Amino acid sequence: MTYHSGERLDGASARRLRELPEGEAMRLLAGVPFGRIVFTRHALPAVRPVNHLVVDGRIVIRSNPGTIVSTHVAPAQAVVAFEADELDGHERLGWSVIVTGVARLVTDPREATRLKAMLLPWVAGEMDQVIRIEPEIVTGFMLVPAAALADRRADGPPGRDLRP
């Protein structure tokens, strides 16, 4: 069956958003290999897809020297957002996590070497810069069947029901 964005859903297809606790959100984020870093460029939002790891509760990415992320964002200790998700458009299920925090270059050579060994780049190039994002705000949402959310509410609250 094909779904379209304007289509009404029956009870079996209805979905709700469940807010994720911070720990669960970070666990999901750590379980996927890629996300998107969002930063400001010329006073406008800019987005770059990157592969990442979560190490010691922080998001770690690598970047080529000379890119905007490694020359302007991280050295300025800019506030960034990092988003990752795992969504199934056909089933209309999945999750999304957004972390807001400060991006910083890893300047300690031993720490940078350790993190480089853990995170292999997906793209060609030097990728010599290691950038760490310290989470300040973590938000996550899971799309769940409306019936499943009602069942969970009866069992107790791991997350809030967010009705549009």
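Our subject is the structure that appears above.
Read on for an overview of the structure. Note that the structure is a prediction, hence the values are computed from the model and not measured.

### What about the overall build of the protein chain?
Helix and strand counts for the protein chain come out as four helices and nine strands. Starting at the N terminus, the α and β elements of the protein chain follow one another as β-α-β-β-β-β-α-β-β-α-β-α-β. Buried residues in the protein chain amount to 34% of all 164 residues. Across the protein chain, the fraction of contacts at a sequence separation of at least 24, relative to all contacts at a separation of at least 6, is 70%. Per element, the accessible surface of the protein chain, about 9700 Å² overall, is 55% carbon and sulfur.

### Observations concerning helix α3 (residues 109-118)
For α3, the complete set of buried residues consists of Glu111, Ala112 and Leu115. Each buried residue of α3 lies within a common arc of 100° when the element is viewed along its axis, so the set occupies one face. Set apart from the buried face of α3 by more than 90 degrees, the exposed residues are Pro109, Arg110, Thr113 and Ala117. Tucked inside the fold, the buried residues of α3 contact β4 (53-55), β5 (58-63) and β8 (129-145). The opening residue of α3, the one whose side-chain oxygen lies 3.1 Å from the backbone nitrogen of Arg110, is Asp108.

### Describing the nonpolar core
Counting 28 residues, the largest nonpolar core has Leu29, Ile37, Phe39, Ile61, Phe82 and Val97 as the members making the most contacts within it. Every element with two or more residues in this core is listed here: α1 (22-30), β2 (34-41), β3 (44-51), β5, α2 (68-73), β6 (79-88), β7 (93-105) and β8. No other element matches the five residues that β8 contributes to this core. Look past the residues within four positions of Val97 in its chain and what remains in contact with it is Leu20, Ala25, Leu29, Phe82, Glu83, Ala84, Val138, Thr139 and Gly140. Formed by seven residues, the second largest nonpolar core is a distinct cluster that contains Val55, Val60, Val106 and Leu115.

### Considering the layout of surface pockets
Estimated volume of the largest pocket: approximately 320 Å³. Taken together, 15 residues make up the lining of the largest pocket; nearest its centre are Pro49, Val50, Arg62, Val123 and Met127. Within the residue set of the lining of the largest pocket, elements represented by two or more residues are β3, β5 and α2. By residue number, the principal contributor to the lining of the largest pocket is β3, which donates four residues. When its residues are assigned to classes, the lining of the largest pocket shows nine nonpolar, four polar and two charged.

### Quick look at the side chain of His52
Assignment of secondary structure puts His52 in the loop between β3 and β4. Here Val32 takes part through its backbone oxygen, which lies 3.3 Å from a polar atom of the side chain of His52. In this structure, His52 is in contact with Leu29, Val32, Pro33, Phe34, Gly35, Ile59, Val60, Ile61, Phe82 and Leu119, ignoring residues within four places of it in sequence.

### What about the packing of aromatic side chains?
The geometry of an aromatic ring pair is captured by the separation of the ring centres together with the interplanar angle, meaning the angle of the planes. Tallying each qualifying case throughout the model produces one aromatic pair. Centroid distance Phe34 to Trp122: 5.8 Å. Interplanar angle 50°. Geometry classified as tilted. With Phe34 in strand β2 and Trp122 in the loop between α3 and β8, this pair connects stretches of sequence that are 88 residues apart.

Parameters at a glance
Residues numbered from 1 in each chain as written. Predicted model: local features only at pLDDT ≥ 70, side-chain atom pairs only at ≥ 80, totals over all residues. Heavy atoms only, no water. Helix = DSSP H or I, 4+ residues; strand = E, 2+ residues; numbered from the N terminus. Buried < 20%, exposed > 50% of the residue type's maximum accessible area, 1.4 Å probe, protein only. Contact = heavy atoms within 4.5 Å. Areas by Shrake-Rupley, 256 points an atom, 1.4 Å probe, with all protein chains shown as cover. Arc of directions from axis to C-beta. Polar contact = N/O pair within 3.5 Å; in protein donor to acceptor, adjacent residues only side chain to side chain. Core = buried A, V, L, I, M, F, W, Y, C linked by side-chain atoms within 4.5 Å. 1 Å grid on protein atoms, 1.4 Å probe; cavity = no way out; pocket = protein on both sides within 12 Å on 5 of 7 lines; lining within 4 Å. Points joined across faces, edges and corners; volume = space filled by probe spheres on them. Nonpolar A, V, L, I, M, F, W, Y, C, P; charged D, E, K, R; others polar. Phe/Tyr/Trp six-rings, centres within 6.5 Å; stacked < 30°, edge-to-face > 60°.

Geometry only, nothing functional implied.
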